[in-house]
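# Per-entry structural report
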Amino acid sequence: WVINKIEGSNKEKILYSSIFFGLYHLKNAYVLTLPALIYQIGYAAVFVGPIFAWVRLRYNSIFASIILHSGNNAVADTITPKFFPLLVKRNIHF
């Protein structure tokens, strides 16, 4: 929905929505260590954010980006705890 609110060229839309997408990941501060959080924000804003925004603009639908995001999260949720256990906080109960 953010990309529809941004005025300007597609490059500007991709840039601003990617920054917003990266900053949105601050919500994960309660489950990640600080280095992991900084990495995730940067990864989201610089790498996958532009891809998701481009796909959104290219296909004029959010659903392809949702599928890509779900796949990205599935891989990250599988790999991070196994190979980088110190990046994930322990004893979190919901």
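Residues numbered from 1 in each chain as written. Predicted model: local features only at pLDDT ≥ 70, side-chain atom pairs only at ≥ 80, totals over all residues. Heavy atoms only, no water.

## Concerning the environment of Trp54
- Within the secondary structure, Trp54 is located in helix H3 (residues 34-59).
- Sequence separation of Trp54 and Leu15 is 39 residues, and the distance between their C-alpha atoms is 10.0 Å. (Helix = DSSP H or I, 4+ residues; strand = E, 2+ residues; numbered from the N terminus.)

## Overview of the confidence of the model for the protein
- For the protein, mean pLDDT is 85; residues scoring 70 or higher make up 87% of the total.
- By mean pLDDT, helix H1 (residues 2-5) is the weakest element of the protein at 78, and helix H2 (residues 10-24) is the strongest at 93. (pLDDT = per-residue confidence, 0-100.)

## Considering the packing of H2 against H3
- Look at H2 against H3: their axes get within 7 Å of each other, and the N-to-C directions meet at 135°. Between H2 and H3, the crossing angle belongs to the class labelled oblique. H3 is crossed by H2, and the crossing has right-handed handedness. For the pair formed by H2 and H3, the contact residues are Asn10, Lys13, Ile14, Ser17, Ser18, Ile19, Phe21, Gly22 and Leu23 on the first element and Ile41, Ala44, Ala45, Val48, Gly49, Pro50, Phe52, Ala53, Trp54 and Leu57 on the second.
- Considered class by class, the residues forming the contact of H2 with H3 number 13 nonpolar, 5 polar and 1 charged. (Axes fitted to C-alpha atoms, helices over the stretch in contact; angles between N-to-C directions. Parallel < 35°, antiparallel > 145°, perpendicular 65-115°, else oblique. Left-handed = near helix turned anticlockwise from the far one by under 90°. Contact = heavy atoms within 4.5 Å. Nonpolar A, V, L, I, M, F, W, Y, C, P; charged D, E, K, R; others polar.)

## Examining H2
- Taking 1.5 Å of rise per residue, the 15 residues of H2 would be expected to cover 21 Å, and the 21 Å separating its terminal C-alpha atoms lies within 8% of that figure.
- Among all positions of H2, only Lys13, Ile14, Ser17, Ser18, Phe21 and Gly22 are buried. Seen end-on, H2 carries its buried residues on one side only, within an arc spanning 155°. (Expected span 1.5 Å × (residues − 1). Buried < 20%, exposed > 50% of the residue type's maximum accessible area, 1.4 Å probe, protein only. Arc of directions from axis to C-beta.)

## Considerations on H3
- With 26 residues, H3 should reach 38 Å at 1.5 Å per residue; the first-to-last C-alpha distance of 35 Å fits that figure.
- In the structure, H3 departs most strongly from a straight axis at Val48, where the bend amounts to approximately 50° and where the proline Pro50 lies between one and four residues downstream.
- Asn60 occupies a position one or two residues after H3 and carries a positive phi of about 50°. (Bend = angle between axes of the 7 residues up to and from the residue.)

## With respect to the packing of aromatic side chains
- Scanning the entire structure with this criterion turns up 3 aromatic pairs.
- With a centroid separation of 5.7 Å and 80° between ring planes, the pair formed by Phe21 and Phe52 is classed as edge-to-face. Taken together, the residues span a long stretch of sequence, with Phe21 in helix H2 and Phe52 in helix H3 at a distance of 31 residues.
- Overall, Phe52 belongs to the buried group, its relative accessible area being 9%.
- Centre to centre, the rings of Tyr43 and Phe47 are 5.4 Å apart; their planes meet at 35°, and the pair counts as tilted. Placement of both Tyr43 and Phe47 in helix H3 is noted, with a separation of 4 residues, approximately one turn of the helix.
- You can call Tyr43 partly exposed: its relative accessible area is 27%.
- The structure contains a cluster of three or more aromatic residues connected by ring pairs, namely Tyr39, Tyr43 and Phe47.
- Arg58 extends its terminal NZ or CZ atom over the ring of Tyr59, reaching a point 4.9 Å from the ring centre. (Phe/Tyr/Trp six-rings, centres within 6.5 Å; stacked < 30°, edge-to-face > 60°. Lys NZ or Arg CZ within 6 Å of the ring centre and 35° of its normal.)

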